[in-house]
Structures are given as C-alpha cells and as structure tokens.
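Chain by chain, the residues run as shown.
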Amino acid sequence: MPHASPLADWKLAQEATARLLASADEVIFSYARQSEDAEMRPSRLVAQLVGHAKELPAEWMRMDSGADLTETYEDASQVPFPYTEVSGGAGTLTRQSLCAFQAFATARLDAEDWEPAEVGLNAKQRGQLLHAVLHRVWAGANEGGIASHAELRALADLRGFVEGRVREVMRESFDPKRRASLPARFPVRYLQLEAERLTRLVTEWLEYERERLPFIVAGTEVKNRVTVAGLTFDLRLDRVDELQNGSRLVIDYKSSEVGPKAWEGDRPDDVQLPLYASFAVKEELEGLVIARVRPGKIEFCGRVRDASAMLRSDLKSSNGMVTKPLTDRQLRDWREQIERLGEAFVAGRAEVDPKDPVKTCERCHLHAVCRIYENQPLAAVVAEEDSDGIDDGGDDGDRDA
Ligand code: SF4
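About the cut-offs
- Residues numbered from 1 in each chain as written.
- Predicted model: local features only at pLDDT ≥ 70, side-chain atom pairs only at ≥ 80, totals over all residues.
- Heavy atoms only, no water.
- Near = heavy atom within 4 Å.
- Helix = DSSP H or I, 4+ residues; strand = E, 2+ residues; numbered from the N terminus.
- Nonpolar A, V, L, I, M, F, W, Y, C, P; charged D, E, K, R; others polar.
- Core = buried A, V, L, I, M, F, W, Y, C linked by side-chain atoms within 4.5 Å.
- Buried < 20%, exposed > 50% of the residue type's maximum accessible area, 1.4 Å probe, protein only.
- Contact = heavy atoms within 4.5 Å.
- Axes fitted to C-alpha atoms, helices over the stretch in contact; angles between N-to-C directions.
- Parallel < 35°, antiparallel > 145°, perpendicular 65-115°, else oblique.
- Phe/Tyr/Trp six-rings, centres within 6.5 Å; stacked < 30°, edge-to-face > 60°.
- Pairing = 2+ DSSP bridges.
- Polar contact = N/O pair within 3.5 Å; in protein donor to acceptor, adjacent residues only side chain to side chain.
- Left-handed = near helix turned anticlockwise from the far one by under 90°.

Caption draft 1: Inspection of the site of the ligand at higher detail. Around the ligand, the surrounding shell consists of Cys99, Phe101, Gln102, Val352, Pro354, Thr360, Cys361, Cys364, His367, Cys370 and Ile372. Counting only elements with at least two residues in the shell around the ligand, the list comes to helix 4 (100-108), helix 14 (359-362) and helix 15 (367-370). Looking at side-chain class alone, the shell around the ligand contains eight nonpolar, three polar and no charged residues.

In structure tokens form, the structure reads like this:
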C-alpha cells in the first residue's frame, strides 16, 4: 500500500524515477530553490542516480526584463471528427450542448473519471438494479413477467410478484464472486435491505401505473441506431409503450429529479429522449416521458400530445403534461437543435464553453484536463456562489401538480 512506510515510499519513488529516466534519450531534472519561505534542495534520489545538480546554462536563465512573459492565445482551431460512428450514445450530444470541450474530451480523447470507492453500492449501481428489476417486470410471460396494463391489473399479489423479480435480479447481479468483492461484514444483510428497498419502490411504482389508461409494452431496453449529421449513434431506451390509439409513448426511468425542463432552450441539459423521439420512433408518437421512480416521489413528467386521454384521466389541469403538450413544432425544433449539435461535434468544435460556469462545471469530471479552475475570475465566481449556498440539487421544477 503506498505511503504505508518510508521504505515502501522510497521504493515507489525509485521506481517512478527510473521510469522517468528510461522514458527519453535525454531527461532533464530540475528543482525549485525556494518554496514560499523555505530553501529547497535537489532530490537525493535523483542525485544518486544521475549525479549532483548543476547550475543552469546562462542562456536558460530567466531574463528579468520586467515585462509580462505570459501570452494569451485564443485557440480557434477545429479538427473535424473523421469517423462516421461515435461511442457514448446520446451522451455525446448532451455533452456537446453543455460544453463543447466536454464532448471532445470524452468522445475523442476518451477522458474518463475514476469511480469513487464507496462502501456498498453507489447511486449508479442502485439505478442499474432498479432498471434491471423494471426490465424483468415488463419482460412478458415467457420470462416470468407481464407486458400490458391488463396483466398488471390482473395481478392478485402485486408485492409478491415484484419480490420474485427482485430476487431473480439480485441473484443474477450478485453471484458468489461479486458478493466476495463486497465488504465481508455486511453482504447478506445489506443485500437483503437493498432487495426490500427495491421491492417497496417498484411495488409503489406499479401501483401508480395501475391507474394509467390501457397500454401494451412494445419493448424494454430497446436498441436503435440513428444518424445525426452523418454520425451514427447507438441508442438504448428503457421502454416504449403502445397506447390505445396505436401511438407510442417513449419512457425513460429516472431515480433523480431530472424533468422535461432539461430538454428546453438552445442548449438543453439532456437530449437523450428528444433524440430518440425525433429520430428513432417510426410510428405515431404520442409523447416522451420520464418515469420518476423515487421513494415518495412517484410520477410521470414530460411532453405528451393528450396526456389526459392517453396516459391518465385523473391529471389536474395544472399538470405540466397538460399545460405543455407535445407538438409537431416542438419535435421539429428538437430535430434541428440536435442536428446543429451533431454538426458542431463533427466539425471539431471543442471550445471550453460551459453552459453554466458554476453548475455545469461542478457536475463535470474533466477539471484536470480543461483546467478551467485555473481561470481566477471563474474560481472567484464559484467560491462566491458556494458561499451563497446555491442549491445544486438538479430539481428543474417541472413537476406534476
Ligand atoms: S469542467 Fe467545465 S469547462 Fe471544463 S470541460 Fe467540464 S464543463 Fe467544460
């Protein structure tokens, strides 16, 4: 383990220095003579390996002209994306909207973040389990599930049905090998609690869906390929329902507060559902909705042409799905916007230009690559916002009334 003992650290430093030495024909080590008020000395390790430090050649010495040696250079160069396929699905276009450099760094440079180590399951893994259970619920009779509103209403023991699906998913997701990777003290009881939580949550969700108007599940985890600005994207959608009039309802499960406000504006926060709705659905589209599956906050929200006639008849007139229905105009706007984002990505637009310099950057993992926090004025803005106690909970306020 690094830093466990001085000897281990010394060995680690030796290996790192040897690696540096072997990395090029000529390697130059340098050191700062002073750090704040303290005088510094050259590394003993480097001295052992390559000899004592020498004075810098005179021509390398900084000329103290008094002039500012920093030059500002606006880099407007663009390197067009040379391929016709891109990984990352709709996420790449969402990132292009949030900050062009974010899309460039993740889709073209493969810049990744470390997953923080957490005891037990993290939020992402919990979300994956929830998706897996809902997928199993709506998998149809051949796989022990159901596939329609009528079948849901016919279930005599809804909780027992959900319990069975949760058990299957937990068994498959946590085979003995995976269990061994969890902390030894609590795997069994911990997983039991997780199973109970999922059972409660999914049962609550299905009770809500029972009150819907009739539907048939046309598919879950639906895969699709779409082409935007000459680029092919592989999409996967949580679920597509066929409604009473034969039209389709596109559904995305979310355990966060995200809502349809994320689809609005010139630079939407999320283009996944608009992309799917406006490029992938070939049948008549009735709407696109987010299924918020959160403890105590179970609801659909989104854009539907006639939500009261096709989704639920008990919606209040103030409900966001009623007040802001889906229109052909909206679909056309999304299409044009998404095409523009695709064209910008293909053209190589990669400027560091966060949509919101505080919120967008806070949620982005690329600080080490784009180094935006070295921009002092922005850092000051962030600090000021932090001290004001800005709520970054992500609630976009488009909840059902
Ligand atoms: S940290 Fe901010 S500026 Fe940097 S890539 Fe992310 S969103 Fe863009």
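There is more to say, and it comes next.
Caption draft 2: The arrangement of the nonpolar core in detail. With 43 residues, the main nonpolar core has Trp138, Trp205, Leu206, Val293 and Phe300 as its most contacted residues. Contributing elements (two or more residues each) for this core: helix 5 (123-137), helix 7 (158-173), helix 9 (187-210), strand 3 (215-228), strand 5 (248-254), strand 6 (285-294), strand 7 (297-304) and helix 11 (307-310). Broken down by element, this core gets its largest block of residues, nine residues, from helix 9.

Caption draft 3: Molecular detail of helix 4. Helix 4 sits mainly inside the fold: eight of its nine residues count as buried. Buried residues along helix 4 sit against helix 3 (90-98), helix 13 (328-347), helix 14 and helix 15. In the stretch just after helix 4, Asp110 is the one whose phi turns positive, near 60°.

Caption draft 4: Just the packing of helix 3 against helix 13, in detail. At a closest axis distance of 9 Å, the pairing of helix 3 and helix 13 adopts a crossing angle of 85°. With respect to helix 13, the axis of helix 3 lies roughly perpendicular. Contacts between helix 3 and helix 13 involve Thr92, Leu93, Gln96 and Ser97 on the former and, on the latter, Ile338, Leu341, Gly342, Ala344 and Phe345. Split into classes, the residues belonging to the contact of helix 3 with helix 13 amount to five nonpolar, four polar and no charged.

Caption draft 5: The packing of aromatic side chains, seen in detail. With the rule as written, the count across this model stands at eight aromatic pairs. Judged by centre distance (5.7 Å) and plane angle (50°), the ring pair of Tyr208 and Phe300 falls under tilted. Residue Tyr208 is located in helix 9, and its partner Phe300 is located in strand 7; the two are separated by 92 residues in the primary sequence. Residue Tyr208 shares its accessibility class with Phe300, and that shared class is buried. Arranged with centres 5.9 Å apart and planes meeting at 85°, the rings of Trp263 and Trp334 form a pair that is edge-to-face. Here Trp263 is found in the loop between strand 5 and helix 10 (272-280), whereas its partner Trp334 is found in helix 13, with 71 residues between them in sequence. By relative accessible area, Trp263 is classed as buried at 3%.

Caption draft 6: Geometry of the sheet that holds strand 3. With respect to topology, five strands assemble into an open sheet ordered 3-4-5-6-7, the strand pairing being mixed. Only two strands of the sheet have a single partner each, and these edge strands are strand 3 and strand 7. With strand direction ignored, the average angle separating the axes of adjacent strands in the sheet is 35°. Docked against the sheet, helix 9 engages strand 3, strand 4 (231-243), strand 5, strand 6 and strand 7, running at close to 45° with respect to strand 7.

Caption draft 7: Just the environment of Val281, in detail. Mapped onto the secondary structure, Val281 falls in the loop between helix 10 and strand 6. Separated by 31 residues in the primary sequence, Val281 and Val250 place their C-alpha atoms 8.6 Å from one another. If sequence neighbours within four positions are ignored, Val281 has contacts with Arg248, Val250 and Tyr276.

Caption draft 8: Quick look at the environment of Trp114. The residue Trp114 is located in the loop between helix 4 and helix 5 in this model. You can call Trp114 exposed: its relative accessible area is 79%. Expressed as a C-alpha distance, the spacing of Trp114 and His365, which sit 251 residues apart in the sequence, is 8.8 Å.

Caption draft 9: Up close: unusual backbone geometry. Backbone geometry places Ala229, a non-glycine residue, at a positive phi of 50°. Following the sequence through the fold, Ala229 ends up in the loop between strand 3 and strand 4. When its relative accessible area of 23% is taken as the criterion, Ala229 is described as partly exposed. With a phi angle near 55°, Arg371 is a residue other than glycine that sits in the positive phi range. Structurally, Arg371 is set in the loop between helix 15 and helix 16 (376-387).

Caption draft 10: Highlighting the side chain of Arg312. Tracing the backbone through its elements, the reader meets Arg312 in the loop between helix 11 and helix 12 (320-323). A polar side-chain atom of Arg312 sits 2.8 Å from a polar atom in the side chain of Asp314. When sequence neighbours within four positions are dropped, the list of residues in contact with Arg312 reads Tyr208, Glu211, Arg212, Leu213 and Ala307.

Caption draft 11: Spatial organisation of the packing of helix 5 against helix 9. Contact geometry of helix 5 with helix 9 gives a least axis separation of 11 Å together with a crossing angle of 55°. Viewed along their axes, helix 5 and helix 9 adopt a mutual orientation that is oblique. Between helix 5 and helix 9 lies a crossing whose hand is right-handed. Contact residues: Arg126, Leu129, Leu130, Val133, Leu134 and Val137 in helix 5; Tyr190, Glu194, Arg197, Leu198, Leu201, Val202, Trp205 and Leu206 in helix 9. Split into classes, the residues belonging to the contact of helix 5 with helix 9 amount to eleven nonpolar, no polar and three charged.

Caption draft 12: Representation of the side chain of Arg292 in the model. One can find Arg292 in strand 6. Only 2.9 Å separates the side chain of Arg292 from the backbone oxygen of Glu257, close enough to count as a polar contact. One polar contact links the side chain of Arg292 to the main-chain carbonyl oxygen of Val258, over a distance of 3.3 Å.

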